[in-house]
Amino acid sequence: MKKFKYSEITPESIFKNRRKFIKNLGLSASSLFFGQNLITSANANTKKENMKLTEYRYVTTYNNYYEFGTGKSDPVERSQKFETKPWDIIIDGEVENPITISMEEITQMFPSEERIYKLRCVEGWSMIIPWLGFPLNKLLKKVSPTNKAKFVKFTSILDPEQMIGQRFPILDWPYKEGLRIDEAMHDLTILVTGLYGKKLPNQNGAPLRLMVPWKYGFKSSKAIVNIKLVEKMPISSWMKASPNEYGFYSNVNPGVSHPRWSQATERVIGEGIISPRIPTTMFNGYGDEVASLYDGMDLKKYF
Amino acid sequence: MKSLLKPSIFVLSAAPFLLITYKIFFNKLGPEPVKEITHFTGEWTLIFICLTLSMSPLKRFTSFIFWIKIRRMLGLFVFFYATLHLLTYVVIDYRLDWNQITDDVIKKKYVFVGFAAWLLLIPLAITSSQKMITLLKQNWKRLHRLIYAIAILGSLHFIWLSKTIYFKPLIYFIIITILLILRVNFKNIFNR
Ligand code: HEM
């Protein structure tokens, strides 16, 4: 796998800011994880310009977060007063030590590292985002899943007072998602607490969201309040809304097209109308790391 | 005064086109410019369909003949915006990648009905001149009833391309349904 350093794919100005940020935190650069996951063989041919980080203003103003409305700019416009303190997360189900843990405890116990991941939305667009977070497996190991724990179910907050979108039956609220246990334990699967070296903005899923880079964006739940280990495959809100369009796995796959969006290509957010679509790669380019999870599975059937 | 009315309607109808041109040249389209153009032209196509369909009911309720005089122009704007919409998709978005485009038209029902609606608009645009009206006589009227089918297809297109329950597509659907119901001649039905 080809490895790129952050500096190679980051606009100079942002890179400098980041160094400053690291200094301010008193961290050494080596303690950070240098976006090694970004480029895999399939992507290596694409020109380097395509590896540019998506500008902060786009990452934070162009969001799908139906709890705040179905428009792309609704989340940034309607989430600024969203209260994320105090915030507790319950981790329970098929585990030996169920816990209720506060966000403060989480940030203390699990130092965040930077990971540059490509986010591919099922609607056919992508962004490249420097997340701050930590592997979900670190948190899961704390609660010791039992051998009945086959899946992990993520439940987001239900708060129609603060989230106007939840007053309408757009989806089965609260937002529910799920992963198979091996997907959840995979090192690329992270819980996110920030981006671009800053605290996670509300519109991006503060205070705690998931990021599973080889799956379509909707798999990565925002504003999580419950992580439950379960024996049976959970039904996600999108599966419930439209079972023939959204499967449980929802791995990025250019060969399986969605009834509404072709998945063969994608638009890179922030590019002008002159730039063409780019080809979408299997597992969003993370095939080297994750393809083995699906050995022997027919991914057309289990989409 | 009266003679200025028609040109003003023309300028007003062209305003969305001028607006999107301005946005393209001054880079005001936001993070996903191509989608923005597609949505903008698509929605204006549907708005002009609704406007065109409103003219004969308006004439009935107000008994101004004026509405009928601008109807054909509005209809041509439907074709104009629909064609811009199609070109955005074919040229800007998919770069004349015919494999992918035909694949979309065949496999995605929302593209299929949108494309069908655009095809049906062609004969209407071709026969929109005064000469054609005199030439086709009663058949002209019959032919131009295709706009009802186009309206239904356009509205279905919008509903099917939406990811979940959206309000806008349903509002257009309701407006179009009402405009079509207004055309049913209830007197004839009940007197039979
Ligand atoms: C009379 C014909 C048509 C009408 C009234 C129409 C109307 C619309 C409307 C209202 C939208 C949504 C705008 C929004 O979300 O704000 C739309 C989107 C779209 N239309 Fe059309 N359309 C027509 C024909 C076509 C044709 C011929 C094509 C392509 C062959 C097409 C492709 C699309 C695409 C790709 C989108 C965007 C879908 C997305 O957001 O993913 N349409 N159209």
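I will try to describe carefully the structure that is included in this document. Per chain, residues are indexed from 1 in the order of the written sequence. Written order determines the labels here, with chains lettered from A and ligands numbered from 1. Residues qualify for local features only when their pLDDT is at least 70, as the model is predicted, and side-chain atom pairs are given and counted only at 80 or more; totals for whole chains, interfaces and linings, by contrast, use all residues. For side-chain calculations, the full set of non-hydrogen atoms in the structure is used, while hydrogens and water are omitted.

1. Thoughts on the site of the ligand
- Being near a molecule or strand, for a residue, means having at least one of its heavy atoms within 4 Å of it. What surrounds the ligand is a group of 21 residues, the closest being Trp261 of chain A together with His39, Gly42, His85 and His157 of chain B.
- With respect to the ligand, its neighbouring residues span chains A and B.
- At a separation of 2.8 Å, a nitrogen atom of the ligand approaches a polar side-chain atom of His157 of chain B.
- Numbering of helices and strands runs from the N terminus; a helix is a DSSP stretch of H or I covering at least four residues, while a strand is a stretch of E covering at least two. The set of elements that each furnish at least two residues to the shell around the ligand consists of helix H2 (33–62), helix H3 (66–93), helix H5 (109–126) and helix H8 (146–161) of chain B.
- A total of eight residues in the shell around the ligand trace back to one element, the largest contributor, which is H2 of chain B. Polar contact is the term for a pair of N or O atoms within 3.5 Å; when the atoms are in protein, one must be able to donate a hydrogen and the other to accept it, and sequence-neighboring residues count only if both atoms are side-chain atoms.

2. A closer look at the sheet that holds strand S6 (residues 176–180) of chain A
All names here are of chain A.
- Taking strand neighbours across the sheet as the criterion, the five strands line up as S2-S1-S10-S5-S6 in an open arrangement whose pairing is mixed. The two strands at the open ends of the sheet, each matched to only one other strand, are strand S2 (99–102) and S6. Shown here is a sheet whose adjacent strand axes are inclined to one another by a mean of 20°, direction ignored.
- By this definition, two strands are paired if DSSP reports at least two bridges between them. Here strand S5 (residues 151–156) runs beside strand S10 (residues 224–230); their pairing, made up of six bridges, is antiparallel. Of the residues in S10, the one forming a bridge with Phe154 is Ile227.
- With respect to the sheet, helix H7 (residues 136–143) is in contact with strand S1 (88–93), S2, S5 and S10, its orientation differing from that of S10 by roughly 65°. Here, axes are lines fitted to C-alpha atoms. For helices the fit covers the stretch in contact, and angles between N-to-C directions go from 0 to 180 degrees. What makes two residues a contact is simply this: any of their non-hydrogen atoms within 4.5 Å.

3. Description of the pattern of salt bridges
- Think of a salt bridge as a Lys or Arg side-chain nitrogen and an Asp or Glu carboxyl oxygen that are within 4 Å of each other. Evaluation of the coordinates by the stated rule reveals 18 salt bridges over all chains.
- Ionic pairing is found between Arg267 of chain A and Asp93 of chain B, a salt bridge with its closest N-O pair at 2.9 Å. Taken together, the residues span two chains, with Arg267 of chain A in strand S11 (residues 265–268) and Asp93 of chain B in helix H3.
- Residue burial is assigned from relative accessible area. The probe radius is 1.4 Å, only protein chains are included, and a residue is buried under 20% of its type maximum, exposed over 50%, and partly exposed in between. Residue classification places Asp93 of chain B among the buried residues on the basis of a relative accessible area of 10%.
- Linked by salt bridges that have partners in common, Lys72 and Glu123 of chain A together with Lys35 of chain B make up one network.

4. Remarks on H3 of chain B
Residues and elements named next belong to chain B.
- One fewer than the residue count of a helix, multiplied by 1.5 Å, yields its expected span. Over its 28 residues, H3 extends 39 Å from the first C-alpha to the last, a length consistent with the 40 Å expected when each residue adds 1.5 Å.
- The reported bend at a residue is simply the angle between two axes, fitted to the 7 residues ending at it and to the 7 residues beginning with it. The principal kink in H3, of about 30°, is found at Arg72.
- Arg95 lies just past H3 and shows a positive phi near 50°.

5. Looking at the pairing of strand S3 (residues 113–121) of chain A
Residue and element names in this part refer to chain A.
- Summarising burial for S3: nine of the nine residues are buried, a large majority.
- Neither face of S3 is left uncovered, since the one carrying Glu113, Arg115, Tyr117, Leu119 and Cys121 and the one carrying Glu114, Ile116, Lys118 and Arg120 both have all their residues buried.
- By the bridge criterion, nine bridges tie S3 to strand S4 (residues 125–135) in an arrangement that is antiparallel. Bridge pairing in S4 links Arg120 to Ser126.
- Taking the residues between adjacent antiparallel strands as the criterion, S3 and S4 are bridged by three residues, where Gly124 takes a positive phi near 95°.

6. Topic: the coordination of the iron atom of the ligand
Residue and element names in this part refer to chain B.
- Only N, O and S atoms count as donors, using a 2.8 Å limit from the metal and a wider 3.2 Å limit for Na, K and Ca, and since water is excluded some coordination spheres may look unfilled. Listed as protein donors to the iron atom of the ligand are His85 (NE2) and His157 (NE2); their distances from the metal cover 1.9 to 2.0 Å.
- A four-donor site is called tetrahedral if each angle lies between 85 and 135 degrees; a four-donor site is square planar, and a six-donor site octahedral, when trans pairs exceed 155 degrees and the remaining angles lie between 65 and 115; all other cases are labelled irregular. Seen from the iron atom of the ligand, its six donor atoms lie at angles of 85 to 180°, and the figure they make is octahedral. With a gap of 72 residues between them, His85 in helix H3 and His157 in helix H8 connect regions that are remote in the sequence.
- The exposure class of His157 is buried, given its relative accessible area of 17%.

It is worth stressing that arrangement in space is one thing and function is another; only the former is reported here.
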